[in-house]
Amino acid sequence: MFASLGFALPWLIPLTDALVLVVLATIIAESIILYSGAVQLEAHRSTTKMLSLGDDNKIELIIENTGNFAVHTELYDEIPYQLQMRNLGLKEKLIAGETRDISYHIRPVVRGEYHFGFLNAITTVATGLVARRMRLAHPAMVPVYPSVIQMKKYELLAFARISTFEGVKKVRRLGHSYEFDQIKTYSIGDDVRSINWKATGRRSQLMVNQYEDERAQPVYSIIDKSRSMHMPFNGLSLLDYAVNTSLVISNIALRKHDKAGLITFSNIIGSSLVAENSELQLKKILQALYFEKPRQQESDYQLLYRATRNIIKARSLIFLYLNFESMYAVDRALPVLQKINRDHLLVVMIFENTELTTYSREQVEFVSDIYAQTIAQRLIYDKKSIVARLRKYGIQVILSKPEDLSINTVNKYLELKARSLI
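By convention here, each chain's residues receive numbers from 1 onward along its written sequence. Totals for whole chains, interfaces and linings use all residues, but because this is a predicted model, local features are given only for residues with pLDDT of at least 70 and pairs of side-chain atoms are given and counted only at 80 or more. Hydrogen atoms and water are omitted, and side-chain values are computed over all heavy atoms in the structure.

A. Broad picture of the packing of helix α5 (residues 238-255) against helix α11 (residues 405-418). Look at α5 against α11: their axes get within 9 Å of each other, and the N-to-C directions meet at 35°. Relative to α11, α5 is oriented so that their crossing is right-handed. From α5, Tyr 241, Ala 242, Thr 245, Val 248, Ile 249, Ile 252 and Ala 253 reach across to α11, where they touch Leu 405, Ser 406, Thr 409, Val 410 and Tyr 413. Throughout this entry, Asp, Glu, Lys and Arg are counted as charged residues, while Ala, Val, Leu, Ile, Met, Phe, Trp, Tyr, Cys and Pro are counted as nonpolar. The remaining residues, Gly among them, count as polar. In terms of residue class, the contact of α5 with α11 is built from 9 nonpolar, 3 polar and no charged. Geometry is summarised by axes, namely lines fitted to C-alpha atoms with helices restricted to the contacting stretch, and by angles between N-to-C directions that run from 0 to 180 degrees. Secondary structure follows DSSP: runs of H or I at least 4 residues long count as helices, runs of E at least 2 residues long count as strands, and numbering of each begins at the N terminus. The crossing is said to be left-handed when, going from far helix to near helix, the turn is anticlockwise and less than a right angle, and right-handed when the turn is clockwise. Two residues form a contact once any of their heavy atoms are found within 4.5 Å.

The structure is reproduced here in structure tokens:
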């Protein structure tokens, strides 16, 4: 612009030449600073040993300016391809000798190995006319396992008296086993058969014996991994919701001194772990769930029944995770479910289609939308009919939103323990 104006104002030509020289000198000086070793950055990526499926996982970047100049840098971490994140740019200014902790969060929705690449830093000094790309932090692989974060979150639920998580109900125990725990003051609802008359006489108020829940009861998680469990909600498939919940309930059962086991099936039997309460059982379940993959075939319920007969030797509590979408599917599975329910305490966990529920409540304008909404309402009604049909035959059923599956399963387990049904 100054050069163009120089034709009309000749006195601007020397000024333009001087400005060009200053810019060239600045470019040369900044290039020397950036590429001569005067600017040095070191970085380290910090993650947990494993990432949790479906949760926000923190990734921490520790970057240090070990050079002699203050720098402006824009960081681009090479995120695993499964996350499909393309807009992660972290801008920072670092003075000489400064160390900065930077963090971001990722939410993996697929189990497996996640490979991080290099941490790329676009670095400038002073005016920013010259930029240098620097590769920092070495590539690393981090596995994504079933949600350990959820497992730890619900771990305290192993003891109903300290259950404080939102959405989880405290359940008063009805009846008792024969393992004495302590003597406490009588409260309305306590079993009058547990009144300790000697302690009552000494304290001049009603005192009752409190008993611990029965221990070492087998608790199995059985997961259907057929194509009906592929449906995604909020990024996670129904299979992955069942996987996360199975880990949660297995951990709680072990903390309650019960035995935890696992069976997965479709047209073939996948993982099968006999219920135990050993120290390594939770690790075995975690590893088995990590490698579970969905299958495209339909479920073979006769095969499931034979597997339960061969694997489960004692009466057990069984949480069966599946997804019925039609009454035909229920009729096909019902004879097997009745047989399993006669031998064990069966709780069938069915998923509510939350997207259909939301769509059925939306305001519509066109006739075609009214037809679609009517179909959605009919499908919701069919799902409720499926639940009613199973309950008619004495099978316990929970119709749960996918995101509430863990809470509802924990509540059911605590309820059944409180009622001494297992």
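Still to come is the rest of the account.
B. α11, seen in detail. An ideal rise of 1.5 Å per residue puts 20 Å on 14 residues; α11 measures up with 20 Å between its terminal C-alpha atoms. Of all the 14 residues making up α11, 12 are buried; the element is thus mostly covered by neighbouring parts of the structure. Each residue is assigned to one of three classes by its accessible area relative to the maximum for its type, calculated with a 1.4 Å probe on protein chains only: buried under 20%, partly exposed between the two thresholds, exposed over 50%. Along α11, the positions that sit buried rather than exposed are Leu 405, Ser 406, Ile 407, Thr 409, Val 410, Asn 411, Lys 412, Tyr 413, Leu 414, Leu 416, Lys 417 and Ala 418. Phi for Ser 420, located one or two positions after α11, is positive at around 55°. Expected span of a helix: the number of residues minus one, times 1.5 Å.

C. Geometry of the packing of aromatic side chains. Here a Phe, Tyr or Trp ring, Trp counted by its six-membered ring, pairs with any other such ring whose centre lies within 6.5 Å, and the pair is stacked when the planes are under 30 degrees apart, edge-to-face when over 60, and tilted otherwise. The tally for this structure, following the rule as stated, stands at 4 aromatic pairs. Summarising the aromatic geometry, the rings of Tyr 145 and Tyr 290 are spaced 4.1 Å apart at their centres and angled 20° between planes, so their arrangement reads as stacked. Note that Tyr 145 is positioned in strand β10 (residues 140-145) and Tyr 290 in helix α6 (residues 281-290), a separation of 145 residues in sequence. The exposure class assigned to Tyr 145 is buried, which follows from its relative accessible area of 9%.

D. Expanded view of the sheet that holds strand β4 (residues 71-77). A strand pair is defined by DSSP finding two or more bridges across the two strands. Taken together, the 4 strands give an open sheet; going across it, the order is β5-β4-β8-β9, and neighbouring strands pair in antiparallel fashion. Every other strand in the sheet has two partners, leaving β5 (90-94) and β9 (131-136) as the edge strands with one partner each. Across the sheet, the axes of successive neighbouring strands diverge by a mean angle of 25°, strand direction being ignored. Inspection of the sheet shows strand β8 (residues 119-124) paired to β9 by 6 bridges, in the antiparallel sense. Bridging from a neighbouring strand, Asn 120 pairs with Arg 135 of β9.

E. Fine view of the sheet that holds strand β3 (residues 57-65). Across the sheet, which stays open at both edges, the 3 strands sit in the order β1-β3-β6 with antiparallel pairing between neighbours. Each edge of the open sheet is held by one strand with a lone partner, namely β1 (41-46) and β6 (99-106). Across the sheet, the mean angle from the axis of one strand to that of its neighbour is 20°, orientation sign disregarded. In this sheet, β6 lies alongside β3 in antiparallel orientation, the contact comprising 8 bridges. Bridge pairing in β6 links Leu 61 to Ile 102.

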